[in-house]
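# Chain and residue survey
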Amino acid sequence: MKVAFFGGTFDPVHRGHMAVARAAADKFGLDRIYFAPADIPPHKQKRKLTDFQHRFAMLALATADDKRFVPSLLDAYTGEPNYSINTIRRLKSTLKKSDKLYFLIGMDAFKDIATWRQPEELLAECEFIVASRPGFSLTQVCAALPQSLQPSAAMMRSLRWRQNGHGAGFHKASAGDGHVSLPGVTVHLLPDVHEHVSSTQIRAAARKSVKQLSRYVPASVAEYIRKERLYVGQSPSPQKEAIRRGKMLSLQRGSQHG
Ligand code: ATP
């Protein structure tokens, strides 16, 4: 069985994620894609995320119609940031020897891979499928790799040369239908996805008007966002809310005793 891990914040899941998953499943003959929302994404700790339960529920709705897609609790609460190296090893330990595992990721996330925890080990665990955007190429994929895995300058030159349309290897090495296989890393490019949408955009749009949501997220997800009133206003953080409640209580006590 061919299995892919697709991690992210999914706050919320949107048409871009679904298009990436569909294109990858079709192109690589994947039998199963695990969509795993991260409880604590190591790279996105600046803003308060929507509760994990809501992000998971939206994924369950979005993946319901395709039997290859499975919402996953692999990166649910552990009390620590969800490092991909740990998740992938945990997932691998549940697979059969005959199964093949892929790591599905967008180019915007892959370009920071060298800053992730144990990147060399992670890249060695399984093959990567990188959903590129127009203008991204295999040379940029190589440039994103940790220093120790980067191809030699001569190899990079030949890759660039082939990408520019020269030589017999053009089709294999080009960003159009490319893959790069180096010692310790194999990356396949998935160039067919052109959904220019991000969760950031959707959260901003939802704060203004929830009506337009169906353009960016599956209909069932749009309905869930409306029903649960997600993203409509900047809700206070739990700490601020607790402080506010505490203040109100002490005011009430003060007036009772004073
Ligand atoms: P945010 O805007 O909050 O940063 P996001 O839209 O990038 O979120 P994530 O949940 O962080 O969504 O992304 C999960 C994965 O999906 C990442 O690997 C990311 O690169 C990829 N991805 C997200 N949107 C797209 C898109 N429109 N096209 C291709 N890949 C995408």
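Bear in mind that the values here come from a model prediction, so they are computed numbers and not experimental data.

Below, the discussion takes up the overall build of the protein chain. Within the protein chain one finds eleven helices and seven strands. Here the protein chain holds 258 residues, and the buried ones make up 33% of them. Partitioning the intrachain contacts of the protein chain with sequence separation of at least 6 by distance along the chain shows that 75% fall at a separation of at least 24.

Turning to the pairing of strand β1 (residues 2-8), a few remarks are in order. Counting buried positions along β1 yields six of seven residues, so the element is predominantly enclosed. Pairing of β1 with strand β4 (residues 100-106), which is carried by five bridges, proceeds in the parallel orientation. Bridge pairing in β4 links Phe6 to Leu104. As defined by bridge partners, β1 adjoins strand β2 (residues 32-37) across six bridges and the pair is classed as parallel.

Next up on the list: the sheet that holds β4. Ordered in space as β3-β2-β1-β4-β5-β7-β6, the seven strands form an open sheet in which the pairing is mixed. The sheet is open, and its two edges are formed by β3 (69-71) and β6 (179-182), each paired on a single side. Strand-to-strand, the axes of this sheet are offset by a mean angle of 25 degrees, without reference to chain direction. Inspection of the sheet shows β6 paired to strand β7 (residues 185-190) by four bridges, in the antiparallel sense. Residue pairing for β7: Val180 is matched across the bridge by Val187. Across the sheet, helix α3 (residues 84-92) is in contact with β1, β2 and β4; its angle to β1 comes to roughly 150 degrees.

Taken together, 18 residues sit near the ligand, with Gly8, Gly16, Gly106, Ser199 and Thr200 positioned nearest. Elements represented by at least two residues in the shell around the ligand include exactly α1 (15-28), β4, α4 (107-110) and α9 (199-208). Element by element, the count of residues in the shell around the ligand is highest for α1, at three residues. For the shell around the ligand, the residue count by class is seven nonpolar, eight polar and three charged.

For the rest of this paragraph, the subject is the pairing of strand β5 (residues 127-131). The buried count for β5 comes to four of five residues, which makes it a mostly enclosed element. Where β5 meets β7, four bridges bridge the pair, whose relative direction is parallel. Paired with Ile129 across the two strands is His188, which belongs to β7.

Another point: the environment of Leu145. Note on placement: Leu145 falls in the loop between α6 (138-144) and α7 (153-163). Taking the C-beta count within 10 Å as the criterion, Leu145 has 21 such neighbours and is therefore assigned buried. Once the C-alpha coordinates of Leu145 and Val185 are considered, the two residues, 40 residues apart in sequence, prove to be 9.1 Å apart. Those residues in contact with Leu145 that lie beyond four places of it in its chain are Ala114, Gln150 and Val185.

Another point: the packing of helix α2 (residues 52-63) against helix α10 (residues 219-228). Close contact between α2 and α10 brings their axes to 8 Å; oriented N to C, the two are set at 150 degrees. Taken together, the axis directions place α2 and α10 in an arrangement best described as roughly antiparallel. The crossing of α2 and α10 is right-handed. Only Ser220, Val221, Tyr224 and Glu228 of α10 make contact with α2, whose side of the interface consists of His54, Ala57, Met58, Leu61 and Ala62.

Below, the discussion takes up α1. Across its 14 residues, α1 extends 20 Å between first and last C-alpha, which sits within 8% of the 20 Å expected from 1.5 Å per residue. Taken together, the buried positions of α1 are occupied by Gly16, His17, Met18, Val20, Ala21 and Ala24.

Here is what the cut-offs are and how they apply
- Residues numbered from 1 in each chain as written.
- Predicted model: local features only at pLDDT ≥ 70, side-chain atom pairs only at ≥ 80, totals over all residues.
- Helix = DSSP H or I, 4+ residues; strand = E, 2+ residues; numbered from the N terminus.
- Buried ≥ 20, exposed ≤ 12 C-beta atoms within 10 Å, placed from the backbone.
- Contact = placed C-beta atoms within 7 Å.
- Pairing = 2+ DSSP bridges.
- Axes fitted to C-alpha atoms, helices over the stretch in contact; angles between N-to-C directions.
- Near = placed C-beta within 6 Å.
- Nonpolar A, V, L, I, M, F, W, Y, C, P; charged D, E, K, R; others polar.
- Parallel < 35°, antiparallel > 145°, perpendicular 65-115°, else oblique.
- Left-handed = near helix turned anticlockwise from the far one by under 90°.
- Expected span 1.5 Å × (residues − 1).

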